[in-house]
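Remarks on the overall topology
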Amino acid sequence: MSMVMRGSDELLSQGAVSNGTAMSPQPNHADNNNDAKKVKLERNQHDKPSRVVHVRNIPNEATEMDVIHLGIPFGRVSNVLLLKGKNQAFLEMVDDAAASSMVDYYTNSGAPLIRGQTVFVQFSNHKELKTDSTHSNAHASTQAALQAAQALLSQTETQGGPNTVLRVIVDNQIYPVTLDVLYQIFSRVGKILKIITFTKNNTFQALIQYPDVITAQAAKLSLNGQNIYNACCTLRIEYSKLTNLNVKYNNDKSRDFTNPNLMSGDPALDMMGITGNLGSMGILASPFGPVPGLGSPLAAAYAAGALALGGFALPPTATSATALGLSGLRLPGQPMLGCVLLVSNLNEQMVTPDALFILFGVYGDVIRVKILFSKKDNALIQLAEPQQAQLAMTHLDKIIVFGKQIRVTPSKHQVVQMPKEGQPDAGLTKDFTSSPLHRFKKPGSKNYQNIYPPTATLHLSNIPPNITEEEIKDAFTNKTGGNVVAFKFFPKDPKMALIQMRSVEEAVTALIKMHNHQLSESNHLRVSFSKSTI
């Protein structure tokens, strides 16, 4: 039987539709059996806008809700058909005007993404989408997705008009949420122009500006009510009354991604000439690229019907209200980010399991470290929780450690195995499960509130009362080989101090060598990176 090939819908015609009559999928299209639908489409005999939109190049793992999200900002979606075996879908809008707005926007502003993959949007050759409901499971899935979409649209209509600036409030905050974390989440929807973070009424909040209303609306619809971490750090998103953000400084509180040369507002950093190139320190994300440590765009792996947009994976046991979770972030083609990281380009003459334990322990409780026996410039590091692994990867990827720029990426391994008896290891694998140096044993520990990227200034604590400034400076110089450029005790608490090294690289080395350094019989020094300067 010959198939009729018509315009943009020609792929659909192969074995699925012929002259408007529904047909069973051909045997060589076994994937389409999973579509659980048969289709009846009434042909549009004129090449003019239609309320049916054709979407091509859809990833295999896409859901109906992913497709519906493309249309929600433009009006009510009245029907949807997803043909997984052919990597395409049809979206029926409430009227031609809504469909025209959708096609015009994606044509002029750039092709949208579904789960990190570019898809192509154009008018269909059909003027109406009629689905056969004989397969009740698929019909029920479609209706559930459409009802959820309508609920989102109704919620938006009752909350005021869209705007390019969103106000984001983080409720039930147990773990720290930073500007970079928000960038990771919200940049998956579209390009971000500016971010300002602040604390109001003891609640972490942010203002996020997108280049247009459609992108901001898509972000609000997709992310409102989702959790950053499991069962906590819930995003409450509103439209701001502001139409433009005035960012004065590029630092950890505010950022203008259209102007990376802004001063940091920190005199020490500005005088050192670091301003405008904070990306090299892992502090400032590339203005139009991915966040440090994340590399290529994030892919999504949602449970069916989850109300979320590309970028965040829901665990198989999770519901749609569970985390967008940094515990669930993954890269395309890789498994969900777990607790194990792969660290490469290490200085194999100087690195040890203890050194990696101390450095990565700034961002999470390190359970095991394995330096690979056959490739000693590589190591596997297992942390206690996935979000700790994410924090470590974000802050430590591409920093200089012992003279070499390391790379930190997710590992395919779920755990780090201890060597079997008789297996050569040379002390390269070490278990730190019972270490007293873990910083985050207590849930919601205050240490989570003091996590910063590597900086030249270190925070010191647990200093015994009889030790002097010169003794501490001499200890740092002699043990690390670095140069101390400034030192200051805390006026109200002499057990704590700040010490500034000549560079971030020297500070990293100092932290590795001086954390847990014994200053007296009962005092071991505690060292961490500081956001302050001297």
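Residues numbered from 1 in each chain as written. Predicted model: local features only at pLDDT ≥ 70, side-chain atom pairs only at ≥ 80, totals over all residues. Heavy atoms only, no water.

What follows is about the sheet that holds strand E4 (residues 52–56). In space, the 4 strands of this open sheet follow the order E5-E6-E4-E9, with antiparallel pairing throughout. Only two strands of the sheet have a single neighbouring strand rather than two, namely strand E5 (77–83) and strand E9 (120–123). Sheet twist, expressed as the average angle between the axes of neighbouring strands with direction ignored, equals 20°. Here helix H3 (residues 96–109) sits on the sheet in contact with E4, strand E6 (88–93) and E9, set at roughly 140° to E9. (Pairing = 2+ DSSP bridges. Helix = DSSP H or I, 4+ residues; strand = E, 2+ residues; numbered from the N terminus. Axes fitted to C-alpha atoms, helices over the stretch in contact; angles between N-to-C directions. Contact = heavy atoms within 4.5 Å.)

The next point concerns the packing of aromatic side chains. Following the criterion strictly, the structure yields 6 aromatic pairs and no others. Ring centres of tyrosine 105 and tyrosine 106 lie 5.2 Å apart, and the angle between their planes is 70°; on these two criteria the pair is classed as edge-to-face. Among the residues examined, tyrosine 105 registers a relative accessible area of 17% and is labelled buried. For the pair tyrosine 183 and phenylalanine 257, a centre-to-centre distance of 4.6 Å together with 35° between the ring planes defines the contact as tilted. Here the residue tyrosine 183 occupies a position in helix H5 (residues 179–186), and phenylalanine 257 occupies one in the loop between strand E16 (254–256) and helix H7 (267–271), the gap between them amounting to 74 residues. For the pair shown, tyrosine 183 and phenylalanine 257 are each scored as buried. Through successive ring pairs, a cluster of aromatic residues spans Phe74, Tyr105 and Tyr106. Above the ring of phenylalanine 373, the side-chain terminus of lysine 376 is found at 4.5 Å from the ring centroid. (Phe/Tyr/Trp six-rings, centres within 6.5 Å; stacked < 30°, edge-to-face > 60°. Buried < 20%, exposed > 50% of the residue type's maximum accessible area, 1.4 Å probe, protein only. Lys NZ or Arg CZ within 6 Å of the ring centre and 35° of its normal.)

Moving on to the state of the cysteines. Tallied over the entire structure, the rule returns 0 disulfides. Unpaired in this structure, cysteine 232 has its nearest cysteine sulfur neighbour in cysteine 233, at a distance of 3.9 Å. Given the relative accessible area of 0%, cysteine 233 is considered buried. (Disulfide = S-S within 2.5 Å.)

Turning next to the pairing of strand E25 (residues 484–490). Of the strand pairs in this sheet, E25 and strand E26 (residues 493–501) are connected by 6 bridges, and their pairing is antiparallel. When the sheet's bridge partners are listed, alanine 486 is paired in E26 with glutamine 500. Taking the residues between adjacent antiparallel strands as the criterion, E25 and E26 are bridged by 2 residues.

Glycine aside, a negative phi is what most residues show, and trans is what most peptide bonds show. Positioned with a positive phi, asparagine 87 is a non-glycine residue whose angle comes to about 55°. On the secondary structure map, asparagine 87 appears in the loop between E5 and E6. Take asparagine 87: its relative accessible area is 27%, and that puts it in the partly exposed class. Phi is positive for asparagine 202, close to 60°, though the residue is something other than glycine.

It is the contact of helix H8 (residues 353–360) with helix H11 (residues 504–514), at a shortest axis distance of 9 Å, that shows an interaxial angle of 110°. On the basis of the axis angle, H8 is roughly perpendicular to H11. When you trace H8 past H11, the crossing you get is right-handed. Between H8, through Ala355, Ile358 and Leu359, and H11, the contact on the second element is made entirely by Val508, Leu511 and Ile512. Residues of the contact of H8 with H11, tallied by class, amount to 6 nonpolar, no polar and no charged. (Parallel < 35°, antiparallel > 145°, perpendicular 65-115°, else oblique. Left-handed = near helix turned anticlockwise from the far one by under 90°. Nonpolar A, V, L, I, M, F, W, Y, C, P; charged D, E, K, R; others polar.)

What the rule picks out here adds up to 12 salt bridges. Arginine 236 is the partner of aspartate 171 in a salt bridge, and the nearest nitrogen-oxygen pair spans 2.8 Å. Note that aspartate 171 is positioned in strand E11 (residues 165–171) and arginine 236 in strand E15 (residues 232–239), a separation of 65 residues in sequence. By relative accessible area, which is 35% here, arginine 236 ends up partly exposed. One salt bridge in this structure joins arginine 236 and glutamate 238, with 3.8 Å as the shortest N-O distance. Here the salt bridges share partners, and the residues they tie into one network are Arg167, Asp171, Arg236 and Glu238. (Salt bridge = Lys/Arg side-chain N within 4 Å of Asp/Glu carboxyl O.)

Further remarks concern the side chain of threonine 509. The residue threonine 509 is located in helix H11 in this model. Excluding residues within four positions of it along the chain, threonine 509 makes contact with Phe402 and Thr480.

Before going further, it helps to spend a moment on the environment of glutamine 88. Residue position: glutamine 88 is located in strand E6. Between the C-alpha atoms of glutamine 88 and alanine 62, which are 26 residues apart in sequence, the distance is 9.8 Å.

A few words now on the nonpolar core. Phe186, Leu235, Phe360, Leu458, Leu460 and Phe476 are the most contacted members of the largest nonpolar core, which has 84 residues in total. Leaving out residues up to four positions away in the same chain, leucine 460 has contacts with Ile472, Phe476, Phe487, Lys495, Met496, Ala497, Ile499, Leu525, Arg526 and Val527. By size, the runner-up hydrophobic cluster in this structure holds 28 residues, among which are Val77, Met102, Val119 and Val121. (Core = buried A, V, L, I, M, F, W, Y, C linked by side-chain atoms within 4.5 Å.)

Ordered in space as E14-E15-E11-E13-E12-E16, the 6 strands form an open sheet in which the pairing is antiparallel. Where the open sheet ends on each side, the last strands, each with one partner, are strand E14 (227–229) and E16. Strand-to-strand twist across the sheet, computed as the mean angle between neighbouring axes with direction ignored, equals 25°. The sheet strands contacting helix H6 (residues 213–223) are E11 and E15, and the helix crosses E15 at an angle near 145°.

Relative to the 16 Å expected for 12 residues at 1.5 Å per residue, helix H10 (residues 469–480) spans 16 Å between its end C-alpha atoms, a close match to the ideal helical length. Here H10 has its buried residues at Ile472, Ala475, Phe476 and Thr480. Down the axis, H10 shows its buried residues gathered within 95° of arc, on one side only. Of the surrounding secondary structure, the elements contacted by the buried residues of H10 are strand E24 (457–461), E25, E26 and H11. (Expected span 1.5 Å × (residues − 1). Arc of directions from axis to C-beta.)

Burial within H6 is extensive, with 10 of its 11 residues counted as buried. Taken together, the buried positions of H6 are occupied by Ile214, Thr215, Ala216, Gln217, Ala218, Ala219, Lys220, Leu221, Ser222 and Leu223. Regarding H6, its N-cap is aspartate 212, as a side-chain oxygen of that residue lies 3.3 Å from the backbone nitrogen of isoleucine 214 further along. Looking one or two places after H6, you find glycine 225, whose phi comes out positive at around 90°. (Polar contact = N/O pair within 3.5 Å; in protein donor to acceptor, adjacent residues only side chain to side chain.)

Next up on the list: the packing of H10 against H11. Between H10 and H11, the least distance of the axes is 10 Å, while the angle of their chain directions is 100°. Relative to H11, the element H10 is oriented roughly perpendicular. Contact residues: Ala475, Phe476, Lys479 and Thr480 in H10; Thr509, Ala510, Lys513 and Met514 in H11. A breakdown of the residues in the contact of H10 with H11 according to their chemical character gives 4 nonpolar, 2 polar and 2 charged.

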